[in-house]
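# Summary of the model geometry
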Amino acid sequence: MTDRNDDLFSAARAVIPGGVNSPVRAYGSVGGTPRFLASASGATVTDAAGTDYVDLVASWGPALLGHAQPEVVAAVQEAATRGLSFGAPTEGEVELASVIAERVRVGEARPVERVRLVSTGTEATMTAIRLARGATGRDLLVKFAGHYHGHSDGLLAAAGSGVATLALPGSAGVPAPIAAQTLVIDYNDPGALEAVFAEHGDRIAAVIVEAAAANMGVVPPAPGFNRLLADTAHAHGALLILDEVLTGFRVHPAGFWGLQAEAGEQYLPDIITFGKVVGGGMPLAALGGRAEVMDMLAPLGPVYQAGTLSGNPLSVAAGLATLRLATPEVYATVDAAAARVSAALDAALTDAGVTHAVAHAGSLFSASFRASSPRTYADALAQESFRYAPFFHAMREQGVALPPSVFEAWFLTAAHGEEELQRIEAALPIAARAAAAATDPAATAPAATA
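The notes below deal with the structure included here. Source: prediction; values computed, not measured. (Residues numbered from 1 in each chain as written. Predicted model: local features only at pLDDT ≥ 70, side-chain atom pairs only at ≥ 80, totals over all residues. Heavy atoms only, no water.)

All right, on to the overall build of the chain then. Each helix and strand in the chain was counted, giving 16 helices and 13 strands. Here the chain has a C-alpha radius of gyration of 22 Å; the compact-globule value for 450 residues is 22 Å, and the two agree. Once the C-alpha set of the chain is aligned to its principal axes, its extents read approximately 60 × 60 × 45 Å. The buried share of the chain, reckoned over its 450 residues, is 55%. (Helix = DSSP H or I, 4+ residues; strand = E, 2+ residues; numbered from the N terminus. Rg over C-alpha atoms; globule rule 2.2 N^0.38 Å. Buried < 20%, exposed > 50% of the residue type's maximum accessible area, 1.4 Å probe, protein only.)

This paragraph deals with helix α8 (residues 225-235). Listed in full, the buried residues belonging to α8 are Phe225, Asn226, Leu229, Ala230, Thr232 and Ala233. In the core, the buried residues of α8 are packed alongside β5 (140-144), α7 (190-200), β7 (204-210), β8 (239-244) and α9 (255-262). Phi turns positive one or two residues past the end of α8, at Gly237, with a value near 75°. (Contact = heavy atoms within 4.5 Å.)

Now for the pairing of β8. Of all 6 residues that make up β8, 6 are buried, and the element is covered over most of its length. What you see with β8 is no split at all: Leu239, Ile241 and Asp243 on one side and Leu240, Leu242 and Glu244 on the other are buried throughout. Two strands pair when backbone bridges link them, and β7 and β8 are joined in this way by 5 bridges, in the parallel orientation. The residue of β8 that forms the bridge with Val209 is Leu242. (Pairing = 2+ DSSP bridges.)

On inspection of all chains with the given rule, the structure shows 10 aromatic pairs. Three or more aromatic residues link up through ring pairs in this structure, and these residues are Tyr27, Phe365, Tyr388, Phe391, Phe392 and Trp410. Note that Arg13 overlies the ring of Phe9, its terminal NZ or CZ placed 4.2 Å from the centroid. (Phe/Tyr/Trp six-rings, centres within 6.5 Å; stacked < 30°, edge-to-face > 60°. Lys NZ or Arg CZ within 6 Å of the ring centre and 35° of its normal.)

Another point: the sheet that holds β7. Sheet architecture is open: 7 strands sit in the order β4-β10-β9-β8-β7-β5-β6, paired in mixed fashion. Each of the sheet's edge strands pairs with one partner strand only, and the pair in question is β4 (114-118) and β6 (182-185). Here the average twist between neighbouring strands, direction ignored, is 20°. Inspection of the sheet shows β8 paired to strand β9 (residues 271-274) by 4 bridges, in the parallel sense. Its bridge partner being in β9, Ile241 is matched across the sheet by Ile271. (Axes fitted to C-alpha atoms, helices over the stretch in contact; angles between N-to-C directions.)

Count 3.6 residues to each turn of an α-helix, and residues three or four apart come out pointing the same way. The end-to-end C-alpha distance of helix α3 (residues 91-103) is 19 Å, a good match for the 18 Å that 13 residues give at a rise of 1.5 Å each. Those residues of α3 lying buried are Gly92, Glu93, Leu96, Ala97, Val99, Ile100, Ala101 and Arg103. (Expected span 1.5 Å × (residues − 1).)

Right, let's get into the layout of surface pockets. Its volume calculated, the second largest pocket comes out at about 710 Å³. Taken together, 32 residues line the second largest pocket, and the ones lying closest to its centre are Glu93, Val115, Arg116, Leu117 and Pro299. Only α3 and β4 provide two or more residues apiece to the lining of the second largest pocket. Tallied by class, the residues present in the lining of the second largest pocket amount to 17 nonpolar, 10 polar and 5 charged. (1 Å grid on protein atoms, 1.4 Å probe; cavity = no way out; pocket = protein on both sides within 12 Å on 5 of 7 lines; lining within 4 Å. Points joined across faces, edges and corners; volume = space filled by probe spheres on them. Nonpolar A, V, L, I, M, F, W, Y, C, P; charged D, E, K, R; others polar.)

Take unusual backbone geometry next. Omega for the bond connecting Ala298 with Pro299 falls within 30 degrees of zero, at 15°, which places this linkage in the cis form. Checked against the element boundaries, Pro299 lands in the loop between α10 (291-294) and α11 (313-325). In the Ramachandran plot, Tyr27 falls in the positive-phi region, its phi being about 65° despite a non-glycine side chain. Structurally, Tyr27 is set in the loop between α1 (4-15) and β1 (37-41).

Overall, mixed pairing links the 4 strands, which are arranged β1-β2-β3-β13 in an open sheet. Edge positions in the open sheet fall to β1 and β13 (400-401), since each of these has one partner strand only. The sheet contact formed by β1 and strand β2 (residues 44-47) spans 4 bridges and is antiparallel. By the bridge assignment, Ser39 is partnered in β2 with Thr46. Here helix α15 (residues 418-437) sits on the sheet in contact with β3 (52-55) and β13, set at roughly 95° to β3.

By themselves, these observations are geometric and do not establish any function.
Pasting the structure below:
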């Protein structure tokens, strides 16, 4: 007997490639039927069959305050009464850009002087790269293996996240000359950075990096690494693009850059990209940077970017409401909840005898099934990832929804209260035992015959 999720997945596969509109949602690495969500509130989501789950996905990050936060919903509803889209400037766009620029500062350090609103994180990083190339007159881009910056051409080489989940080397449909403009090096490797600039320094437009890697599991930058990126890029006339689509406004009021700056790691990126939280769960992203770079965007400069839905009034309303409600108390609540759950995760896996490491970047964390936390993409791939599927399904059976990939971060929200935290803590030992009992399919596969 099938439930409503099975029926919907069957119907979806008849009209949508793979039955989903973003690949990781298909449960390819964990197996089983995706949960088709019907509603969400606070720290829980409800699927099409009426089953409730404590949510640790948080729409992949945007739900910092929790799902359907009443004041955010009211702001969107009120905006909708005035019209869904104008294709013209609005007062809300000015307000949101000002809020973004004001939040991203620590002391006298202020890397964001101008902001351009777009619709998706992919669009933000794509625009940032075009802008860097226009500002420098150079073509080459340096990225890090395992870092995901959206699905635009040239950024899918060793891209982590969904690409890693599907075990793809990159993507078909990207012409070789475009791929050749992206130089992929190992993360957290100063020697690799030095070598790529020694060979190509006068042709490199920018280095793009996740502020803290969170698409190959959570892999924080080594101490001083982000500052080294800025110093090295600037010494060669290149720019640093800090991708905070995921971490921006989630791990700190000023993003991961702000978290590092407050801890004493001072550096200034040239362009920062934002997404997820900045739109409050609606389709909105942004890029910001110092005025002399950002003003090269059209209509002031020669770098073209446009979008009919850029600065959509409903998305802007959601973003403004979310950022205004994201107070220091909210961040303290999320940090405390994340610390509690990650500690319980570590303890459960330890008690079950599962080799693992739990890595953190602010309130983001994830477990890898290896003896030490990864520092590079190769490290992240070299784990007993087969243990994650039974762990994932055991958690789901206990009413807790996890990301359907070992290469994704776990997200807490300000709405995770004592009841939800206790449910998670009760489920973790059961899931840890399921992970401990897992066997490697590759090790048990029949030997090939001649």
